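Results of the structural survey
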Amino acid sequence: FHRSPAKFQPFISAANPGESWLRVRPLKDTDYDRGFLQLLSQLTNVGNITRTQFLTRFSQMKASGDYYVTVIEDTRKGEIIGAASLIIERKFIHNCAVRGRLEDVVVNDTYRGKQLGKLIVVTVSLLAEHLGCYKMSLDCKDKLIKFYESLGYALIPGNSNSMTIRY
Ligand code: 16G
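Here's a quick rundown of the structure.

Cut-offs applied
Residues numbered from 1 in each chain as written. Predicted model: local features only at pLDDT ≥ 70, side-chain atom pairs only at ≥ 80, totals over all residues. Heavy atoms only, no water. Near = heavy atom within 4 Å. Polar contact = N/O pair within 3.5 Å; in protein donor to acceptor, adjacent residues only side chain to side chain. Areas by Shrake-Rupley, 256 points an atom, 1.4 Å probe, with all protein chains shown as cover. Helix = DSSP H or I, 4+ residues; strand = E, 2+ residues; numbered from the N terminus. Expected span 1.5 Å × (residues − 1). Buried < 20%, exposed > 50% of the residue type's maximum accessible area, 1.4 Å probe, protein only. Contact = heavy atoms within 4.5 Å. Pairing = 2+ DSSP bridges. Axes fitted to C-alpha atoms, helices over the stretch in contact; angles between N-to-C directions.

This paragraph deals with the site of the ligand. All residues in the neighbourhood of the ligand are listed as T44, L102, E103, D104, V105, L138, D139, Y148 and R166. In the environment of the ligand, an oxygen atom lies 2.5 Å from a nitrogen or oxygen atom belonging to the side chain of T44. One of the side-chain nitrogen or oxygen atoms of E103 is found 2.5 Å away from an oxygen atom of the ligand. Relative to its free-state accessible area of 450 Å², the ligand is covered by the protein chains to the extent of 69%. Counting residues per element, the shell around the ligand draws most heavily on strand 4 (residues 98–107), at four residues.

Here it is, written out as structure tokens:
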């Protein structure tokens, strides 16, 4: 990836995450034992997911080819301390385009101040562009709007209301 948003340069990137002990990489099976699900529970309710459930769901994601679950590992501790997912949605519109969805972004709150939120969001956003997505979308809480705006995301008045039905 040859470019990144101006505010992000030149400090850190996926290849140079700012500390030698940080690593940005795709999720792997063994991350079940590196606190990946505990990290997700800082975002929302995760539940008690067994190893088998985790491996089954992850292999379904891999088989689809449309899930890019990306993590940041603290290699000193062998612990997952950041995560974000890109999900590719296949369309008929725009000449059978693909659209990206940014999901499940979380950084361990004890790692604040290292720009790791930016790091993981920019990494996954560039991946979406690289994979040919014509746009990337996300839902977030009001308090995170400024953060995502600083990374190039925009609210589009009249055109981007997020609506939800809960089951
Ligand atoms: C946020 C997340 C979304 C996640 C949801 C979980 C981002 C950009 N957005 O909207 O991906 O799935 O929270 O909340 O990370 P829920 O448990 O209320 O669905």
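Text resumes after the structure shown.
The terminal C-alpha atoms of helix 4 (residues 116–130) lie 21 Å apart, and with 15 residues this matches the ideal 21 Å at 1.5 Å per residue to within 8%. The buried fraction of helix 4 amounts to 12 of the 15 residues, a majority that puts the element mostly inside the structure. On its buried face, helix 4 sits against strand 1 (22–26), strand 2 (67–74), strand 3 (79–90), strand 4, strand 5 (133–137) and helix 5 (145–150). Directly beyond the C-terminal end of helix 4, a positive phi value near 90° is found at G132.

Our focus in this paragraph is the sheet that holds strand 2. Pairing is mixed in the open sheet, where five strands are placed in the order 1-2-3-4-5. If you trace the sheet from one side to the other, it starts and ends with strand 1 and strand 5, each paired once. Going from strand to strand, the sheet's axes swing by 20° on average, the running direction of each strand aside. In this sheet, strand 5 lies alongside strand 4 in parallel orientation, the contact comprising three bridges. The residue of strand 5 that forms the bridge with R101 is S137.

This paragraph deals with the side chain of N108. In this structure, N108 sits in the loop between strand 4 and helix 4. One polar contact links the side chain of N108 to the main-chain amide nitrogen of T110, over a distance of 2.9 Å.

Following the sequence through the fold, V24 ends up in strand 1. Overall, the relative accessible area of 15% leaves V24 in the buried class. With 85 residues separating them along the chain, V24 and D109 place their C-alpha atoms 17 Å apart. When residues no more than four places from it in sequence are discounted, the contact partners of V24 are A14, P17, T70, V71, I72, L119 and T123.

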